[in-house]
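Listed below are the residues making up each chain.
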Amino acid sequence: MRDPVSRKKRIARLKKAILFTIAAAIIIPTFLAVFFGIRLHSANKKNDELKQTVYNLQLSLQELRSGAEDTEENVPLYDSQEVAVSSREDGACEDEETKAVTDGMRKVYLTFDDGPSTNTDRILDILADYGVKATFFVLGKDNELYKDDYERIVLEGHTLAMHSYSHKYNEIYSSVDAYEEDLTKLQNFLYDRTGVWCHYVRFPGGSSNTVSSVPMTEIIDYCNANDITYFDWNVVSGDATSGYLSKEQIFANCTSKLNTLDEAIILMHDSADRNSTVDALPDVIEYILDMDDTLILPISDDTIPVQHIAGDTVAEQVEE
Ligand code: ZN
C-alpha cells in the first residue's frame, strides 16, 4: 500500500509545478512584450532623431553648394531662402533628397515675429543647442544694437522673412501703396544687411486682421504679383496677448493640439518683454522632438503656407 503522506507530497509538488507553469506562461510573454515594446519605441525615436539630423545636414550641404555657386557669380554669399527653393533648376535633385526625409512626417515650424530684440540671441542660442531651425519674421530696426542679429539668423541657417519695416498699423494699412512702400523698404534693408532677398512675409495682425483700411485681399494680390508668399499660423503661443503668460501656459498653448496637425506653424514673438516665450522654448522644442514622425523645419518653398484668407488672384488660380 502506498504511503498517504508521500502521496500528499506528490500532489503538492504537482500543484506547485502547475502554478509555476501558469505563472511562467503569463510573466514571460508580458516581459517580452514590454522589453520589445521599449526597444521598438526607442528605435522609432532614434529614427526620428536621425531624420532630423539628416535633414539639417542636407540643409547645410545645400547651403555650402549654394554658397560656392554664389561666390562664383560674385553675388552675396549666403542666401538661406535659395537653399531650399524647390523651383531652382539645379536644386531639383537636392529637393528630392530633402523630400525623401520629410515625406510622411509631421512638420512643425517655429516662427518668431517682431524681432530682432534683446531676446534674439537667447532664442538663437536655444535653437543652436537643439540643432533646429526656425523662421524669423523681422522688423526694420536700423540700430547698432541689432545689427548682427539679422546676419546671425541667416548664418545659422534660419529663414529670414519679412514682417514690416515700421509695424505701424495706421501707416502700412492706409493704402496698398503705403504697404508696398513699407515692405519694399524692409526688403531692401534686409538685403543690405544680409544679402538675402526675402520673399516670405507675415502681415502684422495676420491676413485676417480687422484694422486694415484697405481690403487685405488687395494687399495679398500685391504680394502675389511680386512673388512674395505670406504666412499666417495655425498654432498660437498666446504671447501676443496683453497679459503676462507663464512659461507653462506658453508651453501648453504651443503643444496642446500639435498631434492633430500634419503641418503646424506656431506663432511666437521675439521681443524684449516676451521672456516667458524664451523660457518655454526649450520645453517646447523637446516636446516636439519627442513626438513620433515629427520634424522641426524652417519655412521654405516646400512649406504649404497656412493662410487665413486668400487674395483674389489666389482664388482665381484655385478655380482654374
Ligand atoms: Zn508683429
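Structure shown above.
How each quantity is defined
- Residues numbered from 1 in each chain as written.
- Predicted model: local features only at pLDDT ≥ 70, side-chain atom pairs only at ≥ 80, totals over all residues.
- Heavy atoms only, no water.
- Donors = N, O, S within 2.8 Å, 3.2 Å for Na, K, Ca; no water.
- Helix = DSSP H or I, 4+ residues; strand = E, 2+ residues; numbered from the N terminus.
- Buried < 20%, exposed > 50% of the residue type's maximum accessible area, 1.4 Å probe, protein only.
- Axes fitted to C-alpha atoms, helices over the stretch in contact; angles between N-to-C directions.
- Parallel < 35°, antiparallel > 145°, perpendicular 65-115°, else oblique.
- Left-handed = near helix turned anticlockwise from the far one by under 90°.
- Contact = heavy atoms within 4.5 Å.
- Nonpolar A, V, L, I, M, F, W, Y, C, P; charged D, E, K, R; others polar.
- Core = buried A, V, L, I, M, F, W, Y, C linked by side-chain atoms within 4.5 Å.
- Phe/Tyr/Trp six-rings, centres within 6.5 Å; stacked < 30°, edge-to-face > 60°.
- Lys NZ or Arg CZ within 6 Å of the ring centre and 35° of its normal.
- Expected span 1.5 Å × (residues − 1).
- Patch = residues over 30% accessible without salt bridge, like charges linked within 9 Å, V, L, I, M, F, W, Y side chains within 5 Å.
- Areas by Shrake-Rupley, 256 points an atom, 1.4 Å probe, with all protein chains shown as cover.
- Salt bridge = Lys/Arg side-chain N within 4 Å of Asp/Glu carboxyl O.
- Lys, Arg positive; Asp, Glu negative; His and termini not counted.
- Charge placed at Lys NZ, Arg CZ, Asp CG, Glu CD.

A. How the structure looks around the coordination of the zinc ion. For the zinc ion, the protein coordination sphere consists of Asp114 (OD), His163 (NE2) and His167 (NE2), at 2.1 to 2.2 Å. Sequence spacing among the residues donating to the zinc ion works out to D-x48-H-x3-H. Of this pair, Asp114 sits in the loop between strand 1 (106–113) and helix 4 (120–130) while His167 sits in the loop between strand 3 (159–164) and helix 6 (169–172), and the two are 53 residues apart along the sequence. In this structure Asp114 comes out as buried when scored by relative accessible area, which is 17%.

B. The arrangement of the packing of helix 9 (residues 247–255) against helix 10 (residues 275–290) in detail. Helix 10 packs onto helix 9 with a crossing angle of 45 degrees between their chain directions and a minimal axis gap of 8 Å. By the angle between their axes, helix 9 is oblique relative to helix 10. The chirality of how helix 9 crosses helix 10 is right-handed. Residues Lys247, Ile250, Phe251, Cys254 and Thr255 of helix 9 form the contact with helix 10, whose own contacting residues are Ser276, Thr277, Asp279, Ala280, Asp283, Val284 and Tyr287. In terms of residue class, the contact of helix 9 with helix 10 is built from six nonpolar, three polar and three charged.

C. Fine view of the nonpolar core. Grouped together as the largest cluster of nonpolar side chains are 53 residues, with contacts concentrated most on Leu110, Leu127, Tyr179 and Phe203. Broken down by element, this core gets its largest block of residues, six residues, from helix 10. Phe203 has contacts with His163, Tyr173, Tyr179, Met216, Ile219, Ile220, Cys223 and Tyr230, leaving out every residue within four places of it along the chain. Core analysis: the next-biggest nonpolar cluster, separate from the first, contains 15 residues, Ala161, Ile265, Leu267 and Ile299 among them.

D. Geometry of the packing of aromatic side chains. Applying the stated criterion across every chain, the model contains 11 aromatic pairs. Taking 5.8 Å as the distance between ring centres and 80 degrees as the angle between the ring planes, the aromatic pair formed by Tyr191 and Trp197 counts as edge-to-face. We classify Tyr191 as partly exposed; its relative accessible area is 34%. The class of Trp197 is partly exposed, set by a relative accessible area of 39%. With 5.5 Å between their ring centres and 90 degrees between their planes, Tyr200 and Phe231 make a pair best called edge-to-face. Of this pair, Tyr200 sits in strand 4 (residues 200–201) while Phe231 sits in the loop between strand 5 (229–230) and strand 6 (235–236), placing them 31 residues apart in sequence. One exposure class covers both Tyr200 and Phe231, and it is buried. By the ring-pair criterion, three or more aromatic residues cluster together here, those being Tyr169, Tyr173, Tyr179, Phe203, Tyr222 and Tyr230. In this arrangement the basic side chain of Lys185 is found over the ring face of Tyr165, its NZ or CZ atom lying 4.3 Å from the centre.

E. Local environment of helix 10. Between the first and last C-alpha of helix 10 there are 24 Å, a value that for 16 residues agrees with the 22 Å anticipated at 1.5 Å per step. For helix 10, the complete set of buried residues consists of Ser276, Thr277, Val278, Ala280, Leu281, Val284, Ile285 and Ile288. Those residues of helix 10 that are buried lie in contact with strand 1, helix 4, helix 9, strand 7 (263–269) and strand 8 (294–296).

F. Fine view of a positive patch on the surface. Side chains of Arg7, Lys9, Arg10 and Arg13 sit close together on the surface and give a patch of like positive charge. In this structure, Arg10 sits in helix 1 (residues 4–72). A residue is classified by how much of its surface remains accessible, and Arg10, at 38% relative accessible area, is partly exposed.

G. Representation of the pattern of salt bridges within the structure. Under the counting rule described, the total for this entry stands at eight salt bridges. For Asp121, the salt bridge identified is with Arg152, shortest N-O distance 2.8 Å. Pair noted here: Asp121 is in helix 4 and Arg152 is in helix 5 (residues 147–155), with a separation of 31 residues, a long-range link. Classification of Asp121 by relative accessible area gives partly exposed; the value is 36%. Put simply, Glu156 and Arg152 hold a salt bridge, and the shortest N to O gap is 2.6 Å. Classification of Glu156 by relative accessible area gives partly exposed; the value is 26%. Look at Arg152 and you get buried, because its relative accessible area is 18%. Through salt bridges with shared partners, one network takes in Asp121, Asp125, Arg152 and Glu156.

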